[in-house]
Amino acid sequence: MELYDIAVVGGGINGAGIARDAAGRGLKVLLVEQNDFASATSSASTKLIHGGLRYLEYYEFRLVSESLAERGVMLRIAPHIIWPLEFVLPHEKHLRPAWMIRAGLFLYDNLGARAFAFGGGRFSLPKSRSVRLAPDGHGAGLKPEFTRGFAYYDAWVDDARLVVLTLSSARAHGASVRPRTRCTGARREGDAWRVSLRDQASGTQSEVRARILINAAGPWVKSLLERELNIESPGRVRLVKGSHIVVPRIHDKRYAYILQNPDRRVVFMIPYEREFTLIGTTDVQVAEQDLPAAISPDEVAYLCAAASRYSARQVTAEQVVWSYSGVRPLYDDGSEDPSAITRDYELLLDEQGPPLLSVFGGKITTYRKLAEHVMEKLARWIPAHRPWTHAEALPGGDFGGRDYAALLAEFRARYPGLDPHWLARLLRRHGTLGDRILDNAKCEADLGEDFGGGLYERELAYLVEQEWARSGDDVLWRRTKCGLHMTGAQRRRVAERMAGGR
Ligand SMILES: Cc1cc2nc3c(=O)[nH]c(=O)nc-3n(C[C@H](O)[C@H](O)[C@H](O)COP(=O)(O)OP(=O)(O)OC[C@H]3O[C@@H](n4cnc5c(N)ncnc54)[C@H](O)[C@@H]3O)c2cc1C
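Anyway, here's the lowdown on the structure attached to this text.

**Structural notes on the overall build of the protein chain**
- When you go through the protein chain residue by residue, the secondary structure sums to 13 helices and 20 strands.
- Its C-alpha radius of gyration of 22 Å places the protein chain within 12% of the 23 Å reference for a compact globule of 502 residues.
- In terms of overall dimensions, the protein chain has a C-alpha envelope of 70 × 60 × 45 Å along the principal axes.
- Per-residue burial for the protein chain yields a buried fraction of 58% across its 502 residues.
- Carbon and sulfur atoms make up 51% of the accessible area of the protein chain, which amounts to about 20,500 Å² in all.
- Across the protein chain, 68 positive and 62 negative side-chain charges occur, with their mean positions spaced 3 Å apart.

Below you can see the structure in the form of structure tokens.
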């Protein structure tokens, strides 16, 4: 029976980050995911690499500082899938006075600047400022009564691709990475765990051994412990659903809006996939039997109302072209209000025999740092090794000193026969690895079957061969967002093709 140093259960961002870090330290790593990678919470986020301005109201200074430091690191190691985004906060003095917002942004800028200095000073974002909300500028798409606001920067991420690229890196460092493989049980036996696995496609059972077991099962963190491992959970988890809607774009500028709601929550309105606006999120407490999460009519109505308070054009349920929901697996700190529960993470170690480490909570933004903290917690059982993941670009993210615009210009010059807009979308997915897909293509016909929505046979084959894609959903909604740009018939064609039809 195969013996691993570390077996990770869960192929969301946290499991992926831990597998990558551990594999790069020379450990023999296995990661199993019961469905597709990022099929749960890690593809359903608001897709921000951010300090979390609103967390300052809850005094989450540790989390905000760590997140702002990570923002700089992530912009550096994955510049194809992560990029700066300017946010505009329209001012409404009866909700939050200007002095309060200025003080919050001052703190945010300064925590960001400190993180920048400590992080080696390689990436800084512009400081926050007051802005006038003009219809052709920072107020694009808003009602004319909003005249003043505040602008600041955070970053945008393609969350599902971040998971897959992190796992590609883990594999490149020697990890064994298995999608559609469920951990059905694990027990301690001597100095290792005996882990039972089920191949979800064939139903085949198998077993492996692992010296260390990591529970990165996200919303299932507690149930994995209690059901599959028969261990009483050391921590409690609060499952808080968050949903997003996608509507035709409400403006054609690049700004994202952070909208204040009368219930004191904030809702984001973000430019999405060029033609759309992404609006989210909600905070609804749920139970495990509600998984997988689905958006409710009440949530759609809430998000439409929040956006319509600000948007010049009413946002209605009929305009919604796509929606998604995810469940935040939050560490239960006893807060009553779901919006107030800490977004920070806890790593709980069980040392009664071979170690078991469970991840409670965690943000996409902090996953890399979380993985480093996991390695620190396991220091007694693994050889000493310096942190390394901040210094190596994720696959496709090594731009060799160029920025994204320079890389794109170079690709456009090298592939003059291909649509320049499509090349930009391809580079946003694959970065420098785009070459592997293009492979000297001279014209569109060289890319193979055109599935619509910007997806061609060559890329689809690459996603199957290199990125573990197996179903239509894997391709349309996680490896790419081409599904959003297709007709129903085109989506069905991709699903059919993935199911084995020609
Ligand atoms: C609405 C919403 C908005 C958010 N916005 C942001 C944001 O803008 N920025 C940010 O930084 N964070 C954001 N977050 C938080 C972030 O998305 C999550 O904290 C993060 O994705 C959690 O990752 P995870 O790996 O712990 O869990 P998951 O992604 O859920 O992964 C856990 C995986 O474990 C697998 N699994 C479970 N049991 C088993 C088993 N027995 N065998 C094998 N596999 C198993 C599951 O299938 C799942 O894929 C948001 C979250 C939500 C819900």
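**Focus: the site of the ligand**
- Glu33, Ser42, Leu48, Gly362 and Thr365 are the nearest of the 37 residues found near the ligand.
- Within the contact set of the ligand, an oxygen atom lies 2.7 Å away from a side-chain nitrogen or oxygen of glutamate 33.
- Contact distances for the ligand include 2.5 Å between an oxygen atom and a side-chain N or O atom of serine 42.
- In isolation the ligand has 1,000 Å² of accessible area, and contact with the protein removes 98% of it.
- Of all the secondary-structure elements, those providing two or more residues to the shell around the ligand are helix H1 (13-24), strand S8 (181-189), strand S11 (237-248) and strand S16 (322-331).
- The residue makeup of the shell around the ligand, split by class, is 14 nonpolar, 18 polar and 5 charged.

**Some remarks on the pattern of salt bridges**
- One pass over the full model with this rule turns up 42 salt bridges.
- Measuring nitrogen to oxygen at the nearest pair gives 2.7 Å for the salt bridge that ties lysine 241 to glutamate 299. Highlighted residues: lysine 241 in strand S11 and glutamate 299 in helix H6 (residues 297-308), separated in sequence by 58 residues.
- On the basis of relative accessibility, which here comes to 4%, the residue glutamate 299 falls in the buried class.
- Where arginine 414 meets aspartate 435, a salt bridge forms, and the shortest distance between an N and an O atom there is 3.1 Å.

**Some remarks on helix H9 (residues 420-430)**
- The element H9 is extensively covered by neighbouring structure, given that 8 of its 11 residues are classed as buried.
- Along H9, the residues that are buried comprise Trp422, Leu423, Ala424, Arg425, Leu426, Leu427, Arg429 and His430.
- Its buried side turned inward, H9 meets helix H4 (159-172), helix H8 (404-414), helix H10 (434-438), strand S20 (455-456), helix H11 (457-466) and helix H12 (472-479).
- The N-cap residue of H9 is aspartate 419: its side-chain oxygen and the backbone nitrogen of histidine 421 are 3.1 Å apart.

**A few points about H8**
- Listed in full, the buried residues belonging to H8 are Tyr404, Leu407, Leu408 and Phe411. Seen from one end, H8 has its buried residues packed into an arc of 100°, which puts them on one side. Turned more than 90 degrees away from the buried face of H8 sit Ala405 and Ala413, all of them exposed.
- Each element contacted by the buried residues of H8 is listed here: H9 and H10.

**So, the environment of leucine 347**
- Mapped onto the elements of the fold, leucine 347 is located in strand S17 (residues 346-350).
- Counting along the chain gives 10 residues from leucine 347 to leucine 357, while the straight-line C-alpha distance between them is 6.7 Å.
- Beyond its immediate chain neighbours, meaning those up to four positions away, leucine 347 contacts Leu357, Ser358, Val359, Leu370, His373, Val374 and Lys377.

**With respect to the pairing of strand S1 (residues 3-9)**
- Within S1, 6 of the 7 residues are buried, leaving the element largely enclosed by the surrounding structure.
- Relative to strand S10 (residues 205-215), S1 runs parallel, the two being bridged by 6 bridges. By the bridge assignment for S10, isoleucine 6 is matched with isoleucine 212.
- The handedness of the S1 to strand S2 (residues 29-32) crossover, carried by H1, is right-handed.

**Section: the packing of aromatic side chains**
- Enumeration according to the criterion identifies 12 aromatic pairs in this entry.
- Ring geometry for tyrosine 108 versus tyrosine 152: centroids 5.8 Å apart, planes at 90°, classification edge-to-face. Residue tyrosine 108 is found in helix H3 (residues 98-118), and its partner tyrosine 152 is found in strand S6 (residues 148-157); the two are separated by 44 residues along the sequence.
- For tyrosine 108, a relative accessible area of 3% gives the class buried.

**Observations regarding the nonpolar core**
- Membership of the largest hydrophobic core comes to 61 residues, with the highest contact counts inside it found for Leu438 and Val494.
- The biggest single contributor to this core is H9, with 5 residues.
- Setting aside its immediate chain neighbours within four residues, valine 494 contacts Phe451, Leu455, Leu460, Gly472, Val475, Leu476 and Met486.
- Among the nonpolar cores identified, the runner-up in size contains 50 residues, and Met74, Ile82, Val359 and Ala371 belong to it.

**Considering the pairing of strand S9 (residues 192-199)**
- Pairing between S8 and S9: 8 bridges, direction antiparallel. Counted as the bridge partner of glycine 185 is serine 196 from S9.
- Counted along the chain from S8 to the antiparallel partner S9, the turn is 2 residues long, and its residue glycine 190 has a positive phi close to 65°.
- Looking at chain direction, S9 and S10 are connected through 6 bridges and run antiparallel. When the sheet's bridge partners are listed, valine 195 is paired in S10 with valine 208.
- Counting the residues in the hairpin turn of S9 and S10 gives 5 residues, including glycine 203, whose phi is positive at 80°.

**Quick look at the packing of H8 against H9**
- Direction vectors running N to C along H8 and H9 enclose 130°, while the axes themselves pass 10 Å from each other. Considering the angle they form, H8 stands oblique to H9. Two packed elements cross with a definite hand, and for H8 against H9 that hand is right-handed. On H9, the residues touching Tyr404, Leu407, Leu408, Phe411 and Arg412 of H8 are Pro420, His421, Leu423, Ala424, Leu427 and Arg428.

Cut-off values and rules
Residues numbered from 1 in each chain as written. Predicted model: local features only at pLDDT ≥ 70, side-chain atom pairs only at ≥ 80, totals over all residues. Heavy atoms only, no water. Helix = DSSP H or I, 4+ residues; strand = E, 2+ residues; numbered from the N terminus. Rg over C-alpha atoms; globule rule 2.2 N^0.38 Å. Buried < 20%, exposed > 50% of the residue type's maximum accessible area, 1.4 Å probe, protein only. Areas by Shrake-Rupley, 256 points an atom, 1.4 Å probe, with all protein chains shown as cover. Lys, Arg positive; Asp, Glu negative; His and termini not counted. Charge placed at Lys NZ, Arg CZ, Asp CG, Glu CD. Near = heavy atom within 4 Å. Polar contact = N/O pair within 3.5 Å; in protein donor to acceptor, adjacent residues only side chain to side chain. Nonpolar A, V, L, I, M, F, W, Y, C, P; charged D, E, K, R; others polar. Salt bridge = Lys/Arg side-chain N within 4 Å of Asp/Glu carboxyl O. Contact = heavy atoms within 4.5 Å. Arc of directions from axis to C-beta. Pairing = 2+ DSSP bridges. Right-handed = clockwise from strand over helix to strand, strands pointing away. Phe/Tyr/Trp six-rings, centres within 6.5 Å; stacked < 30°, edge-to-face > 60°. Core = buried A, V, L, I, M, F, W, Y, C linked by side-chain atoms within 4.5 Å. Axes fitted to C-alpha atoms, helices over the stretch in contact; angles between N-to-C directions. Parallel < 35°, antiparallel > 145°, perpendicular 65-115°, else oblique. Left-handed = near helix turned anticlockwise from the far one by under 90°.

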